[in-house]
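Given next are the chains, with one letter for each unit.
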Amino acid sequence: GQQLNQSPQSMFIQEGEDVSMNCTSSSIFNTWLWYKQDPGEGPVLLIALYKAGELTSNGRLTAQFGITRKDSFLNISASIPSDVGIYFCAGLGGSQGNLIFGKGTKLSVKP
Amino acid sequence: NAGVMQNPRHLVRRRGQEARLRCSPMKGHSHVYWYRQLPEEGLKFMVYLQKENIIDESGMPKERFSAEFPKEGPSILRIQQVVRGDSAAYFCASSPTPPGQQTDTQYFGPGTRLTVL
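Just so it is clear, the structure is predicted and the values come from calculations on it, not from any experiment. (Residues numbered from 1 in each chain as written. Chains lettered and ligands numbered in written order. Predicted model: local features only at pLDDT ≥ 70, side-chain atom pairs only at ≥ 80, totals over all residues. Heavy atoms only, no water.)

Caption draft 1: Structural context of the overall build of chain A. If you tally the helices and strands in chain A, you get 0 helices and 11 strands. Each helix (α) and strand (β) of chain A, taken in turn from the N terminus, gives the series β-β-β-β-β-β-β-β-β-β-β. Each of the three principal axes of chain A carries a C-alpha extent, and together these read 45 × 30 × 20 Å. The burial tally for chain A puts 45% of its 111 residues in the buried class. Of all intrachain contacts in chain A linking residues separated by at least 6 positions in sequence, the fraction that spans at least 24 positions is 53%. For chain A, the computed accessible surface area is about 5,200 Å², with 50% contributed by carbon and sulfur atoms. In chain A, 8 side chains carry a positive charge and 8 a negative one; their mean positions are 8 Å apart. (Helix = DSSP H or I, 4+ residues; strand = E, 2+ residues; numbered from the N terminus. Buried < 20%, exposed > 50% of the residue type's maximum accessible area, 1.4 Å probe, protein only. Contact = heavy atoms within 4.5 Å. Areas by Shrake-Rupley, 256 points an atom, 1.4 Å probe, with all protein chains shown as cover. Lys, Arg positive; Asp, Glu negative; His and termini not counted. Charge placed at Lys NZ, Arg CZ, Asp CG, Glu CD.)

The structure is reproduced here in structure tokens:
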């Protein structure tokens, strides 16, 4: 079945540093979504990517949809303590409606 | 605009009991998805429903699990005769568009955390 490989698994950074995480897949996806999940809560949509090569920003977050449609990255600039959480990438394969999730990147930010 | 609502947020059941999880999609959304999340894992797809129809249940266990999305009221995920391995967080997501649309997106509820004793 389809799988997403997300890395790194966890990151420990200092406040103010930039962060980068990525997802790769052996399958093509038509849509890439990036979510953030806080403990005890549901995933919150951060950025949606719909076109190969697309680069989209949302405040301090920037994400790109790889040109091959098999990868995506998420960058967070100038991290702050509230960026702490687990970040998930998820791919949508077209007519099949279910999201395929990566295993998440756990981000810890030291003030 | 209210987001996706799920209740209860926490549910404790003893082995052999039934668990009923409810999901109300965002207003105007007629596509509902259920996912299960184990600790330290990503979410895994279970079932996709439109109003009154199950479209894709390929991720749902064949036994003890069922889902519905009636014409009126919330979507229900039902787990009969629960076992300890059913303990997990169950999330519902809704979408305004059917799969394959250019701007397909799913919005998640806060989840129901099921604990089976």
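Caption draft 2: Structural context of the pairing of strand E7 (residues 65–68) of chain B. Residues and elements named next belong to chain B. Of the two faces of E7, only one is covered, namely that formed by Phe65 and Ala67; the face formed by Ser66 and Glu68 stays uncovered. Here E7 runs beside strand E8 (residues 75–79); their pairing, made up of 4 bridges, is antiparallel. By the bridge assignment for E8, Glu68 is matched with Ile76. The loop that links E7 with its antiparallel partner E8 comprises 6 residues; one of these, Gly73, has a positive phi angle of about 100°. (Pairing = 2+ DSSP bridges.)

Caption draft 3: Summary view of the pattern of salt bridges. Tallying each qualifying case throughout the model produces 8 salt bridges over all chains. Among the ionic pairs, B:Glu41 bridges to A:Lys103, the shortest N-O distance being 4.0 Å. Of this pair, B:Glu41 sits in the loop between strand E4 (31–37) and strand E5 (43–50) while A:Lys103 sits in the loop between strand E10 (99–101) and strand E11 (105–110), on two different chains. Judged by its relative accessible area of 25%, B:Glu41 falls in the partly exposed class. A salt bridge links B:Asp86 to B:Arg64; its shortest N-O distance comes to 2.7 Å. In this pair, B:Asp86 sits in the loop between E8 and strand E9 (88–95) while B:Arg64 sits in the loop between strand E6 (53–56) and E7, placing the two residues 22 residues apart along the sequence. When its relative accessible area of 3% is taken as the criterion, B:Asp86 is described as buried. Here the salt bridges share partners, and the residues they tie into one network are A:Lys103, B:Glu41 and B:Lys44. (Salt bridge = Lys/Arg side-chain N within 4 Å of Asp/Glu carboxyl O.)

Caption draft 4: Quick look at the nonpolar core. Ranked by internal contacts, the top residues of the largest apolar core, which has 23 residues, are B:Trp34, B:Met46, B:Leu77 and B:Tyr90. Taken together, the elements giving at least two residues each to this core come down to strand E3 (19–24), E4, E5, E7, E8, E9 and strand E11 (112–116) of chain B. (Core = buried A, V, L, I, M, F, W, Y, C linked by side-chain atoms within 4.5 Å.)

Caption draft 5: Structural view of the packing of aromatic side chains. Scanning all chains against the criterion turns up 10 aromatic pairs over all chains. Note on B:Tyr35 and B:Phe108: the rings are 5.4 Å apart at their centroids and 50° apart in plane angle, and the pair reads as tilted. Note that B:Tyr35 is positioned in strand E4 and B:Phe108 in strand E10 (residues 107–108), a separation of 73 residues in sequence. According to the relative accessible area criterion, B:Tyr35 is buried, its value standing at 0%. Judged by relative accessible area, B:Phe108 falls into the buried class, the value being 11%. Connected via pairs of aromatic rings, a cluster forms that spans A:Tyr35, A:Phe88, A:Phe101, B:Tyr35, B:Phe45 and B:Phe108. (Phe/Tyr/Trp six-rings, centres within 6.5 Å; stacked < 30°, edge-to-face > 60°.)

Interpretation note: all reported values are geometric properties and have no functional meaning in isolation.
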